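The lines below spell out each chain.
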Amino acid sequence: MSGAQPLAGHVALVTGSGSSSGIGFACARRLGMLGARVALTSTTERVHLRAAELEAEGIPATGRVADLTDPDQAAGLVAAAVADHGPVTILVNNAGMTSLASPEGPVATTEMSDEQWERGLHRNVSTAFYVSRAALPAMRDAGYGRIVNVASTSGPVSAYPNDAAYHAAKAAMLGLTRALAVETASRGVTVNAVAPGWIATGSATEHELAAGRRTPVGRSGAPEEVAAVVAFLAAPDAGYVTGQLIIVDGGNSIAEDHT
């Protein structure tokens with residue numbers, strides 16, 4: 001592999017990559033620029049537009065629509081990526097949804113329905129479990145793999161009110177990361193997580209952007225800044241880093257005074 005394209009010959013599957021301004025698509029583009037062939041997925045047809053954008057930039061890419069809360073569709077997605085590009089060596093589990101951007105909005109724990117609780121967990125951690133379970137056997141057998149889970153500072157590091165399902169799911173992402181890391185470390189597979197803070201995606205609200213301005217750095221992060229950390233963890237050089245959570249939040253989680 002050349003120094004300019006350390007991921008040449010690799011296949012990256014990136015979930016939750018339908019939005020042109022989201023973290024998932026930024027990760028897909030970054031991995032593709034480093035030489036990987038890229039399989040993208042989202043719950044809507046717009047994923048095909050994202051794949052076409054990458055293809056126009058010279059990055060081999062395909063898009064698939066899938067509901068990853070369905071284990072059969074998750075397994076089918078991995079099989080399709082293999083058929084399109086070859087064995088998946090890099091998996092970025094980015095699929096999920098923040099409750100502040102969710103149609104049902106924040107809700108107090110005492111008012112949360114069983115359906116809302118279960119939906120939050122399925123969207124934000126079951127998706128990662130199902131896709132990882134489908135992708136891991138081939139990585140393990142090949143003696144090489146990189147899994148990067150996109151968690152959040154919300155749950156693993158901090159919390160805000162009226163969002164118990166999202167916080168619980170994202171904290172569970174860290175537990176899943178560490179459990180898979182110790183299961184697979186001896187087989188050449190690393191599993192890590194990134195925890196974005198306030199990121200200026202297309203779905204960011206004015207409240208979220210204002211919170212970003214109160215971080216020590218003084219602004220929200222860019223999706224590309226999260227993607228840069230994901231790309232490091234996905235690279236061959238990161239082979240001795242596993243089971244870790246890397247926080248990408250402009251110092252927000254260490255600041256005591258946000259006034």
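As a starting point, this report considers the structure included with it.

The rules behind these values
Residues numbered from 1 in each chain as written. Predicted model: local features only at pLDDT ≥ 70, side-chain atom pairs only at ≥ 80, totals over all residues. Heavy atoms only, no water. Pairing = 2+ DSSP bridges. Helix = DSSP H or I, 4+ residues; strand = E, 2+ residues; numbered from the N terminus. Axes fitted to C-alpha atoms, helices over the stretch in contact; angles between N-to-C directions. Contact = heavy atoms within 4.5 Å. Core = buried A, V, L, I, M, F, W, Y, C linked by side-chain atoms within 4.5 Å. Buried < 20%, exposed > 50% of the residue type's maximum accessible area, 1.4 Å probe, protein only.

**Details of the sheet that holds strand β6 (residues 189-196)**
And then number 1: If you walk across this open sheet you meet the seven strands as β3-β2-β1-β4-β5-β6-β7, and the pairing is parallel. Bordering the open sheet on either side are β3 (61-65) and β7 (245-248), each of which pairs with just one other strand. Ignoring which end each strand starts from, the neighbouring axes of this sheet average 15° apart.
And then number 2: By the bridge criterion, six bridges tie strand β5 (residues 145-150) to β6 in an arrangement that is parallel. Its bridge partner lying in β6, V148 is registered against N192.
And then number 3: Relative to strand β4 (residues 90-93), helix α4 (residues 114-142) is tilted by about 170°, and along the sheet it contacts β1 (11-14), β4, β5 and β6.

**Comments concerning the nonpolar core**
And then number 1: Counting 31 residues, the largest nonpolar core has L31, V38, L40, L54, V92 and V194 as the members making the most contacts within it.
And then number 2: Residue assignment for this core shows that the elements contributing at least two residues are β1, α1 (23-33), β2 (37-42), α2 (46-56), β4, β5 and α7 (223-234).
And then number 3: If you tally residues by element for this core, the top one is α7, at seven residues.
And then number 4: If near-sequence neighbours (up to four positions away) are discounted, L54 is found in contact with F25, A28, R29, V38, L40, I59 and A61.
And then number 5: In this structure, V11, A81, V125 and A135 belong to the second largest nonpolar core, which totals 28 residues.

In short, geometric facts, not functional conclusions.
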